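# A look at the structure
What follows is each chain in one-letter form.
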Amino acid sequence: MIPATTSPAVTERLAAFLGAPADRLEDEFIRLAGTVWGKEGAGDAVEHTPTLVALLDTVDERRRGYLAVLLGLLAESEHPATDGPVTAAVRAGLDRYLELLRGSGANTPLTVALVYLLSHFPESRERILSVARREELALDHHDLSRLERALRRLDPGAPDLGRCWPSPAAWRLNDDERDFDRTWIEALTAEQLTVNWDNDTRTVLAYAGMRAYWAVRHGVPEETAHPMAPAPEATTAPGTDPGAFARHGAALRCPVCRGGLSFGGGSVRCTACPAVHPLAGGLLDLSAGTTHSAAGPEDTTADLLQKLAAMPSMGVYYESVLRPAFLRIAGMNWGNAVSQEDEDAYIVRHTRPVDGPCLDLAAGAGRWTAVLADAVGDERLIAQDMALPMLNTLRRRLPRVPAVVASALTLPYDDAVFGAVNCWNALQAFPEQADVAIAEIGRVLKPGGTFTLMTFRWADDPVDRYFQESHHFPSRPAGMLLFEREEIGKWLADAGLTVREESGPGSFVFITAVKEA
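Model, not experiment: these values are computed from the prediction.

Structurally, Ile-511 is set in strand 11 (residues 508–515). For Ile-511, a relative accessible area of 0% gives the class buried. When the C-alpha positions of Ile-511 and Phe-451 are compared, they lie 8.0 Å apart, and in sequence the two are 60 residues distant. In contact with Ile-511, other than residues within four places in its own chain, are Tyr-346, Phe-451, Thr-452, Leu-453, Arg-485, Ile-488, Leu-492, Val-499, Glu-501 and Glu-502.

So, on to the sheet that holds strand 4 (residues 283–285). Reading across from one edge, 1-2-3-4-7-6-5-8-9-11-10 is the order of the eleven strands in this open sheet, with mixed pairing throughout. Here the strands that pair on one side only, and so sit at the sheet edges, are strand 1 (261–264) and strand 10 (497–503). Between one strand axis and the next, the sheet turns by 20 degrees as a mean value, whatever way the strands run. When strand 5 (residues 358–361) meets strand 8 (residues 418–424), the two strands line up parallel, connected through four bridges. Paired with Leu-359 across the bridge in strand 8 is Val-421. Packing against the sheet, helix 15 (residues 340–350) makes contact with strand 8, strand 9 (445–456), strand 10 and strand 11, and its axis sits at approximately 10 degrees to strand 11.

What follows deals with the confidence of the model for the chain. Predicted confidence across the chain gives a mean pLDDT of 88, with 87% of residues reaching 70 or more. Below a pLDDT of 50 lies the segment residues 228–232, which in the model reaches 14 contacts outside its immediate sequence neighbourhood of four places, other chains included. The low-confidence segment residues 291–309 (pLDDT under 50) makes 38 contacts with residues lying over four places distant or belonging to another chain.

Another aspect to go through is the side chain of Thr-351. With respect to the helices, strands and loops of the structure, Thr-351 is situated in the loop between helix 15 and strand 5. Polar side-chain contacts of Thr-351 include one of 2.7 Å to the backbone oxygen of Ile-347. Once you skip the residues sitting within four places of it in the chain, Thr-351 turns out to touch Leu-372, Val-376, Ala-420, Thr-450 and Thr-452.

Bringing the packing of aromatic side chains into the picture now. A full pass over the atoms with the stated rule returns 18 aromatic pairs. Consider the rings of Tyr-413 and Phe-418, whose centres lie 4.8 Å apart with planes at 85 degrees: the pair is edge-to-face. Comparing Tyr-413 with Phe-418 shows no difference in burial state: the two are buried. Put simply, the rings of Phe-326, Tyr-346, Trp-424, Phe-456, Phe-508 and Phe-510 pair up and form one aromatic cluster. Note that Arg-63 overlies the ring of Phe-17, its terminal NZ or CZ placed 6.0 Å from the centroid. Residue placement shows Arg-217 over the ring face of Tyr-213; its charged tip is 3.6 Å from the ring centre.

Further remarks concern the side chain of Arg-323. Among the secondary structure elements, Arg-323 is positioned in helix 14 (residues 314–330). In this structure the side chain of Arg-323 is engaged in a polar contact, spanning 2.4 Å, whose partner is the side chain of Glu-343.

Between helix 7 (residues 109–118) and helix 11 (residues 190–218), whose axes approach to 8 Å, the crossing angle comes to 155 degrees. In terms of their interaxial angle, helix 7 and helix 11 are classed as roughly antiparallel. The chirality of how helix 7 crosses helix 11 is left-handed. Taking contact as the criterion, the partners of Pro-109, Val-112, Ala-113 and Tyr-116 in helix 7 are, on helix 11, Leu-205, Ala-208, Gly-209, Arg-211, Ala-212, Ala-215 and Val-216. Here the contact of helix 7 with helix 11 is built from residues that sort into nine nonpolar, one polar and one charged.

For the rest of this paragraph, the subject is the environment of Gly-38. When you line up the elements, Gly-38 lands in the loop between helix 2 (25–36) and helix 3 (45–55). Separated by 424 residues in sequence, Gly-38 and Pro-462 place their C-alpha atoms 8.8 Å apart.

As for its position among the elements, Glu-186 is in helix 10 (residues 175–186). Residues Glu-186 and Pro-159 lie 27 residues apart in sequence; the distance between their C-alpha atoms is 8.9 Å.

All right, on to unusual backbone geometry then. The omega angle of the peptide bond from His-79 to Pro-80 is 10 degrees, so this bond is cis rather than trans. Looking at where Pro-80 falls in the secondary structure, it is placed in the loop between helix 4 (61–76) and helix 5 (85–91). Residue Pro-166 is bonded to the preceding Trp-165 through a cis peptide linkage, with omega at 5 degrees. You will see that Asn-107, though not glycine, has its phi angle at about 55 degrees, which is positive.

Cut-off values and rules
Residues numbered from 1 in each chain as written. Predicted model: local features only at pLDDT ≥ 70, side-chain atom pairs only at ≥ 80, totals over all residues. Heavy atoms only, no water. Helix = DSSP H or I, 4+ residues; strand = E, 2+ residues; numbered from the N terminus. Buried < 20%, exposed > 50% of the residue type's maximum accessible area, 1.4 Å probe, protein only. Contact = heavy atoms within 4.5 Å. Pairing = 2+ DSSP bridges. Axes fitted to C-alpha atoms, helices over the stretch in contact; angles between N-to-C directions. pLDDT = per-residue confidence, 0-100. Polar contact = N/O pair within 3.5 Å; in protein donor to acceptor, adjacent residues only side chain to side chain. Phe/Tyr/Trp six-rings, centres within 6.5 Å; stacked < 30°, edge-to-face > 60°. Lys NZ or Arg CZ within 6 Å of the ring centre and 35° of its normal. Parallel < 35°, antiparallel > 145°, perpendicular 65-115°, else oblique. Left-handed = near helix turned anticlockwise from the far one by under 90°. Nonpolar A, V, L, I, M, F, W, Y, C, P; charged D, E, K, R; others polar.

Okay, structure coming up:
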């Protein structure tokens, strides 16, 4: 029964949601959410909330899950405040939420949805956790650690920042890593502490909410991780024969003046200007004139990702834990529709280099550099990234592949020199300048050369898109930025690249483009 005091628009949407058959339920929920939580109903949320809470007593379990997600979204609309009128209206149903959680069962969609909803009430932390920790719920340790973190208040005297995504339970720190964290956290101002804490909380809520929303639609997803390889020792990566770089000397250019390079000894000299570029540990540093972070001095959020990259274990940890979690939120890969094997096969199948070297751009720790090396051969390959620790991991894995430290926005290569370029799961790392990177790729590709790309677009569902946008990664304090497919198509066309294949489930974008003559 819908109360007579409910507005006509909400009454209509609620009736459609309550009466929807299974194959229409998701669509009707999206319409309902747009009316009571989206722009349409943002000003009347306090009025609508008691009706939504009351309906928990009358609907079936699947609809309860949807309503729990919607109530969580309403409470989150006032973040970082937890005492606003909308949150207070949602919190009024706390007793009912806890009662439902007690009887929701182990690892059910309703349990996951209620955990997300309850994550918004730190004032009731102990009451909530006393129920969530009940043995019969058998709450997933990742879910429980996210709940505990979301309900925690910032302690300025002992702040615990970062290391909370995809869940605090995912991180296993040694003493050196804990000391590392303390060092950078102690350097933050009070304002930076608060901003980082609030962004961390928002990110935890976003992951929990997106997982809950998937669960009520498709069933509880597994939080898969790839097998954890041993962390590399904190030593310098093995060197590369300077001849490996000299082999590509015709392609390489000085980042200062675009002149040619002369190879000899432990450095590389420009033949046209006085610039000297370091060559050590198999890494050629051509990053002159660029910075390792897009963050300006005015930013009040520490660039944690860059700091984490300084830890020797990050390359391995990224591939094992962080990247699979990122694919779940950016690619909507909760059902594991895209596997590592799928990605490998796409690269091998679509990389068709013409003459010349091949570039793995934003190569990271070398996961797909290894795939390319198998496909085209070490001797044809150059790996490039801006993160030294990641490239050190790559160098241990692929000691024969020359690695270049340089920006994707000013590629240190001559025009039309590469037979193929691969940029995998990286374009979203510099979203505001993705057009510049694609233009550079078009410049360095030979006619007929292939460009293989994997990145992500915004989800079609506005609720999923909200959760994507709400991920405040340390290197993206303003929130995550993905793409519209039309944007990418325009940038490729402007760079002289023609799309030959496009695919991708969820919000994945797989593209193969060819440089036209």
